[in-house]
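One letter stands for each residue in the lines below.
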Amino acid sequence: MEFVATLISILTVKDALNSEMENFIRVRAAIEKRELKDDDKVAIFNINSTTSYQVFFIDENTDIEKLKEEFKKMNVRINYDSEEVLKRYIERLRK
C-alpha cells in the first residue's frame with residue numbers, strides 16, 4: 001500500500017517549535033545533525049489516513065527530487081498539489 005503526503009504548512013522553526021509539531025522538528029534536526037535556527041523554514045506533511053507527520057527543512061537549495069526519494073523510502077508519495085506548492089515556494093526562495 002502506498003501512502004500519500006499532503007503539505008500542511010511551511011513555517012519558520014521558531015513558529016513550529018511553538019506548536020504541536022515541536023517533536024517532529026527536533027527528530028528531523030537530529031536525523032540531519034542540524035542545529036535549529038529560528039529563521040530556518042520547515043515543510044510539514046501529513047501522511048494521509050494516518051496520524052503521522054513528516055518534517056523537512058526547506059531552503060533555496062532544496063532538491064524536490066531528493067525529498068521525493070526520502071518519501072519513497074517510506075512508501076509515500078507527495079500529492080500533486082503539495083508538490084506544486086512546494087516547488088513554487090522554493091523558486092521564490094531562490095529569487
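For the protein chain, the helix and strand inventory stands at 4 helices and 4 strands. Across the protein chain, helices and strands are ordered from the amino to the carboxyl terminus as β-α-α-β-β-α-β-α. A principal-axis box enclosing the C-alpha atoms of the protein chain has dimensions of 35 × 30 × 20 Å. The proportion of buried residues among the 95 residues of the protein chain is 37%. Contacts in the protein chain between residues at least 24 apart in sequence constitute 64% of all its contacts with a sequence separation of at least 6. Counting only carbon and sulfur atoms, one obtains 47% of the accessible surface of the protein chain, whose full area is about 6100 Å². Positive and negative side-chain charges in the protein chain, numbering 17 and 19 respectively, have mean positions lying 2 Å apart.

Moving on, we come to the sheet that holds strand S3 (residues 53-58). Think of a sheet as strands paired side by side through backbone hydrogen bonds, with each pair either parallel or antiparallel. Reading across the sheet, the 4 strands line up as S3-S2-S1-S4 and stay open at both edges, with mixed pairing between neighbours. Each edge of the open sheet carries a strand with a single partner, namely S3 and strand S4 (76-78). With direction set aside, neighbouring strand axes in the sheet form an average angle of 35 degrees. The pairing of strand S1 (residues 3-12) with strand S2 (residues 41-47) spans 7 bridges and is classified as antiparallel. Paired with Ser9 across the bridge in S2 is Ile44. Set on the sheet, helix H2 (residues 22-31) makes contact with S2 and S3; between it and S3 the angle comes to about 60 degrees. Lying over the sheet, helix H4 (residues 80-94) contacts S1, S2, S3 and S4, oriented at roughly 30 degrees with respect to S1.

A separate point is H2. When H2 is considered as a whole, its buried residues turn out to be Ile25, Arg28 and Ala29. End-on view of H2: buried residues confined to an arc of 100 degrees, all on one side of the axis. Those residues of H2 that are exposed and aimed more than 90 degrees away from the buried face are Asn23, Ala30 and Ile31. Those residues of H2 that are buried are in contact with helix H1 (13-17), S2 and S3. Just beyond H2, the residue with positive phi is Lys33, at close to 50 degrees.

Its identity is not glycine, yet Lys33 carries a phi of approximately 50 degrees, on the positive side. Residue classification places Lys33 among the exposed positions, given a relative accessible area of 76%. We note that Asn75 has phi near 65 degrees; this positive angle belongs to a residue other than glycine. Counting through the fold element by element, Asn75 comes out in the loop between helix H3 (64-73) and S4.

Cut-offs applied
- Residues numbered from 1 in each chain as written.
- Predicted model: local features only at pLDDT ≥ 70, side-chain atom pairs only at ≥ 80, totals over all residues.
- Heavy atoms only, no water.
- Helix = DSSP H or I, 4+ residues; strand = E, 2+ residues; numbered from the N terminus.
- Buried < 20%, exposed > 50% of the residue type's maximum accessible area, 1.4 Å probe, protein only.
- Contact = heavy atoms within 4.5 Å.
- Areas by Shrake-Rupley, 256 points an atom, 1.4 Å probe, with all protein chains shown as cover.
- Lys, Arg positive; Asp, Glu negative; His and termini not counted.
- Charge placed at Lys NZ, Arg CZ, Asp CG, Glu CD.
- Pairing = 2+ DSSP bridges.
- Axes fitted to C-alpha atoms, helices over the stretch in contact; angles between N-to-C directions.
- Arc of directions from axis to C-beta.

It is worth stressing that arrangement in space is one thing and function is another; only the former is reported here.
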